[in-house]
Amino acid sequence: MAIPETSSPRQATFDEAAKRRVRVLLPLPLAGPYDYLAAENLHLRPGDFVEAPLGKRSVIGVVWDDAEDRQTPELTRERLRDVESRLDTPPLATPIRRFVDWVASYTLTPPGAVLRMTMSVSAALEPPRPIFACRATPAAPDPGASGDRKLTAARRRVLRALEGGPPRLPAELAREAGVGGAVVRGMLDLGWLELVGTKRAPPPTPDGGRVGPTLSADQRRAADSLVDALASGFAVTLLDGVTGAGKTEVYFEAIAAAVRAGKQALILLPEIALSAQWLKRFAERFGAAPAEWHSELPTSARRNTWRAVAAGEARVLVGARSALFLPFPELGLIVVDEEHESAFKQEDGVVYHARDMAVVRARLTGIPIVLVSATPSLETTVNVDQGRYRALHLPDRHGVASLPQIEAIDLRRTPPPRRAWLAPPLRDALGAALEAGEQAMLFLNRRGYAPLTLCRACGHRLQCPSCTAWLVEHRLAGRLQCHHCGYASSLPRECPACGAEERFAACGPGVERVAEEATALFPAARIEIITSDTIGGPATASAFVERMEAREIDLLIGTQIVAKGHHFPALTLVGVVDADLGLAGGDLRAGERTYQLLHQVAGRAGRAERPGRALLQTHMPEHPVMQALVSGDRARFLATETAARRRGGWPPFGRLVAIVVSGADEAEVDRIARRLGKSRPHGGDLQVLGPAPAPLAILRGRHRRRLLLKAARDVQVQPIVRDWLAGVDPPSSVRLQVDIDPYSFV
């Protein structure tokens, strides 16, 4: 793609004939790289970060490839502008550039928008800022001396912290000495300390030679197989083991081997709340913490981590899905833990599934990837069955622990008391567990106090003003909140429909309401609610884990944030308040997701010496999901689910593409959606459903219409969708979002 003709504000310094043509991809939603001229003294190569003019501003981009074979004939050299400078930043390696191109082509996204994800911290592209550390000067007194009134106890601690060691950053020195920053600044003013320039220390390198825990025979066989795969190039391995089987320790062996081989390793986790215990186990195993990458990190930490990854200094990194786009130059292993998790699907911006794209990145880099789960996705199990992936199985829990006994409580026969949510069998089991000094957990995948608030006088339901969604009462916070756009308000005194006062009723339970009931039943129990509202980041997640491990919590009540990844030896009972919740709505993956979630939450029980028990409250104990959970027959459930998907031609046996038309003007949205419907592609292997209002017909004030293209598995849908959308030119106020392989249908 050629950059439009614009007069350059700079005068050429070098002979124009000595300049060569380069293509630069900018991190903007543009159709492709722009053509520029580069002076020979810049010595540009593909992957270099450069600063280039765009209109009246300068933009940092990446030299994408040599332009000699992609000349734009109608564009003369006189019309090209000059690259301004090359940045002192490690270049993007070829595999990550090919990965950007591949993701852009697959998701029908401008490549610049994908590149922006690899350049997500713009400050990391700037030259490193100078760093100054403190050291003692000859004027500083001996910290053991007496008689100097200026030598306070706090200042003594600072001087002792510096004895025999290297200079320390001011904040680090204050923290180690247990003083405030003002103490260090005062000593600098006295001339007792001085600042000296230093380099930022690279992140600690995990010790790949450190001896890990003793593995069982099954674990050792699986670990050896993963280690052997490191030397074999690209391969996808499913590490399939029951909850508590020790899968993490198995893939730790592969990480250790990668580190010993001088390679970098990337581990993807679906939620940062799962990382607290994982990070602790990693540090114990390798003697150092890994680098981290997630949205809760401050900008300075993300900047340092990006640079450390790009320079090859960060040898192991654990992160959320966006970590997949970091510029690893020596990547040797990718691990996707809890590979079945829908949290790996990015729904906004560039729409992609991190698990699937991780497989692509591994293939383009020529390295192995490990997918880890106790409840693998149907897509992954089908790939194993068809020989595309191989599988390693861990059928038993590690050590003396055994799998929990799972039972269904038929709410039609033993319902809870009126205005309550816990059935008598679950109440009795909770009482017995707490009486025995054990920990218990109640699971309900609903935040807040109640999912719906209505007026008793007229039946009016309080709804979000910007979304087609009910407002959820959060009684502990004293507000009503929309869980889709974040809108919040206090509970009104009068009904906005009929004017009745104090007539609102909370309908249905959320975790706060269950906690209210549990507190009344077990007043002596120490009860804690854990949801995404109460876990604000890694620090609060770690503190929660420490309280559970210290037995400071008797009864844990939470949403899916507590359903997986945690290991609490004293937790013996899990109660699921509404096991049917995920089966409503007719979602394609409703049965699979419900099975995975409930299997994972049940797997929190009995992970040590004491046996575990899981009770599922359900109105449908005969449902295949409940039957599979109670019987432990996962294979039968997967066979049934696979047969149903195959008959209907649904993924993974067919292709889906979702197109959502959205905008503030409903009439304009409907007009564009109808145009798409009329111009729909046709063919024997194609079917287009819609347009129709999306389940969330209004989201954040934008009206939404959905179309769904269904195709046979062997159909290349991207060219079809690209040609289809090219015939529709929506106004700037209307957005078309394309989701290849959709997971969510809201």
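See the structure above.
Reading the values: the criteria
- Residues numbered from 1 in each chain as written.
- Predicted model: local features only at pLDDT ≥ 70, side-chain atom pairs only at ≥ 80, totals over all residues.
- Heavy atoms only, no water.
- Helix = DSSP H or I, 4+ residues; strand = E, 2+ residues; numbered from the N terminus.
- Contact = heavy atoms within 4.5 Å.
- Areas by Shrake-Rupley, 256 points an atom, 1.4 Å probe, with all protein chains shown as cover.
- Lys, Arg positive; Asp, Glu negative; His and termini not counted.
- Charge placed at Lys NZ, Arg CZ, Asp CG, Glu CD.
- Core = buried A, V, L, I, M, F, W, Y, C linked by side-chain atoms within 4.5 Å.
- Buried < 20%, exposed > 50% of the residue type's maximum accessible area, 1.4 Å probe, protein only.
- Phe/Tyr/Trp six-rings, centres within 6.5 Å; stacked < 30°, edge-to-face > 60°.
- Patch = residues over 30% accessible without salt bridge, like charges linked within 9 Å, V, L, I, M, F, W, Y side chains within 5 Å.
- Salt bridge = Lys/Arg side-chain N within 4 Å of Asp/Glu carboxyl O.
- Pairing = 2+ DSSP bridges.
- Axes fitted to C-alpha atoms, helices over the stretch in contact; angles between N-to-C directions.
- Arc of directions from axis to C-beta.
- 1 Å grid on protein atoms, 1.4 Å probe; cavity = no way out; pocket = protein on both sides within 12 Å on 5 of 7 lines; lining within 4 Å.
- Points joined across faces, edges and corners; volume = space filled by probe spheres on them.
- Nonpolar A, V, L, I, M, F, W, Y, C, P; charged D, E, K, R; others polar.
- Disulfide = S-S within 2.5 Å.

K.L.:
Which residues make up the overall build of the chain, and what values do they have?
P.N.:
A tally of regular secondary structure across the chain gives 19 helices and 31 strands. With the C-alpha coordinates of the chain rotated into their principal frame, the extents come out at 90 × 90 × 65 Å. Here the analysis covers contacts within the chain between residues at least 6 apart in sequence; of these, 75% occur between residues at least 24 apart. Of the roughly 32,900 Å² of accessible surface on the chain, 51% is carried by carbon and sulfur atoms. Seen as two clouds, the 94 positive and the 84 negative side-chain charges of the chain have centres 2 Å apart.

K.L.:
Tell me about the nonpolar core, and please be specific about residues and values.
P.N.:
Judged by nonpolar contacts, the single largest core of 52 residues is most densely connected at Leu317 and Ile369. The dominant element in this core, judged by the number of residues it contributes, is helix α10 (residues 354-365), at six residues. Val382, Ala541, Val545 and Val625 belong to the second-largest nonpolar core, a separate cluster that totals 38 residues.

K.L.:
Explain unusual backbone geometry to me, and be specific about the residues and the numbers.
P.N.:
Across residues other than glycine, the phi torsion is negative in most instances, and most of the peptide bonds are trans. Each neighbour pair has its own omega, and for Pro651 with Pro652 the value is 10°, a cis peptide bond. Position of Pro652 among the secondary structure elements: in the loop between α17 (634-648) and β28 (654-663). Along the chain, Gly690 connects to Pro691 via a cis peptide bond; the corresponding omega equals 10°. The phi dihedral of Arg700 falls on the positive side, at around 55°, and the residue is not glycine. Locating Arg700 in the fold gives a position in the loop between β29 (686-699) and β30 (702-712).

K.L.:
Help me get a handle on the packing of aromatic side chains, residues and values and all.
P.N.:
Applying the stated criterion across every chain, the model contains twelve aromatic pairs. Relative to Trp278, the ring of Phe252 has its centre 5.6 Å away and its plane inclined at 80°; by these criteria the two rings are edge-to-face. Of the two residues, Phe252 is situated in helix α7 (residues 247-260) and Trp278 in helix α8 (residues 275-286); the sequence distance between them amounts to 26 residues. In terms of burial, Phe252 and Trp278 fall into one category: buried. Between Tyr595 and Phe637, the ring centres sit 4.8 Å apart and the planes meet at 20°, which makes this aromatic pair stacked. Residue Tyr595 is located in helix α15 (residues 590-602), and its partner Phe637 is located in helix α17; the two are separated by 42 residues in the primary sequence. The same class applies to Tyr595 as to Phe637, namely buried. Within the aromatic cluster, the residues linked to one another by ring pairs are Tyr251, Phe252, Trp278, Phe282 and Phe286.

K.L.:
Which residues make up the side chain of Glu473, and what are the values?
P.N.:
Tracing the backbone shows Glu473 in strand β20 (residues 472-474). Beyond its immediate sequence surroundings of up to four residues, Glu473 is in contact with Gly448, Tyr449, Ala450, Thr453, Arg479, Leu480 and Ala506.

K.L.:
Account for a positive patch on the surface, naming residues and giving values.
P.N.:
Together, Arg418, Arg419, Arg456 and Arg503 make up a positively charged patch on the protein surface. Note that Arg503 resides in the loop between β22 (488-489) and β23 (504-507).

K.L.:
Could you give an account of the sheet that holds strand β21 (residues 479-481), naming the residues involved and the relevant values?
P.N.:
Taking strand neighbours across the sheet as the criterion, the three strands line up as β20-β21-β22 in an open arrangement whose pairing is antiparallel. Of all the strands in the sheet, the pair left with one neighbour each is β20 and β22. Where β20 and β21 come together, three bridges link them in antiparallel fashion. Bridge pairing in β21 places His474 opposite Arg479.

K.L.:
So what's going on with the sheet that holds strand β10 (residues 291-293)? Which residues, and what values?
P.N.:
As summarised here, the arrangement of the seven strands in space is β10-β11-β9-β12-β15-β8-β16, forming an open sheet in which the pairing is parallel. In this open sheet, the two strands that pair with only one neighbour each are β10 and β16 (390-394). Recorded for the sheet is a direction-independent mean angle of 20° between the axes of neighbouring strands. Each of β8 (235-241), β9 (264-268), β11 (316-319), β12 (331-337), β15 (368-373) and β16 is contacted by α7, which is oriented at about 170° to β12, the strand it contacts most. In the packing of helix α9 (residues 299-310) onto the sheet, the strands contacted are β9, β10 and β11, and the crossing angle to β10 comes to about 120°.

K.L.:
Could you give me a rundown of helix α19 (residues 717-726), with the residues and numbers involved?
P.N.:
Among all positions of α19, only Val717, Gln718, Val721, Trp724 and Leu725 are buried. Considered in projection along α19, the buried side chains sweep an arc of 130° and stay on one side of the axis. For α19, the exposed residues set more than 90 degrees away from the buried face come down to Asp723 and Ala726. Buried residues along α19 sit against α1 (94-107), β28, α18 (666-678), β29, β30 and β31 (734-740).

K.L.:
Outline the pattern of salt bridges, supporting the account with residue identities and numerical values.
P.N.:
Using the criterion set out here, one finds 38 salt bridges in the structure. Close ionic contact of Asp82 with Lys19 constitutes a salt bridge, the shortest N to O distance being 2.7 Å. One end of the pair, Asp82, is in the loop between β4 (57-66) and β5 (85-86); the other, Lys19, is in the segment before β1 (20-25), and 63 residues separate them in sequence. Of the residues examined, Asp82 reaches a relative accessible area of 13% and is grouped as buried. Each member of the salt-bridge network shares a partner with another, and the members are Arg21, Arg23, Asp35 and Asp65.

K.L.:
Give a detailed account of the pairing of β31, specifying residues and quantitative values.
P.N.:
The element β31 is extensively covered by neighbouring structure, given that five of its seven residues are classed as buried. Where β28 and β31 come together, seven bridges link them in antiparallel fashion. Paired with Ser662 across the two strands is Arg735, which belongs to β31.

K.L.:
Account for empty space enclosed by the protein, with residues named and values stated.
P.N.:
Inspection of every chain in the model, using the stated rule, returns five cavities of 30 Å³ or more. Around the largest cavity, the lining residues are Tyr106, Thr107, Lys345, Val351, Tyr352, His353, Asp356, Met357, Ile740, Asp741 and Tyr743. Looking at the lining of the largest cavity, the elements with two or more residues in it are α1, β14 (352-353) and α10. Of the residues that constitute the lining of the largest cavity, the class distribution is six nonpolar, two polar and three charged.

K.L.:
Let's hear about the state of the cysteines: which residues, and what values?
P.N.:
The full count for this structure, using the stated rule, is zero disulfides. In this structure Cys482 is not part of a disulfide, and its nearest cysteine sulfur, from Cys464, lies 3.7 Å away.

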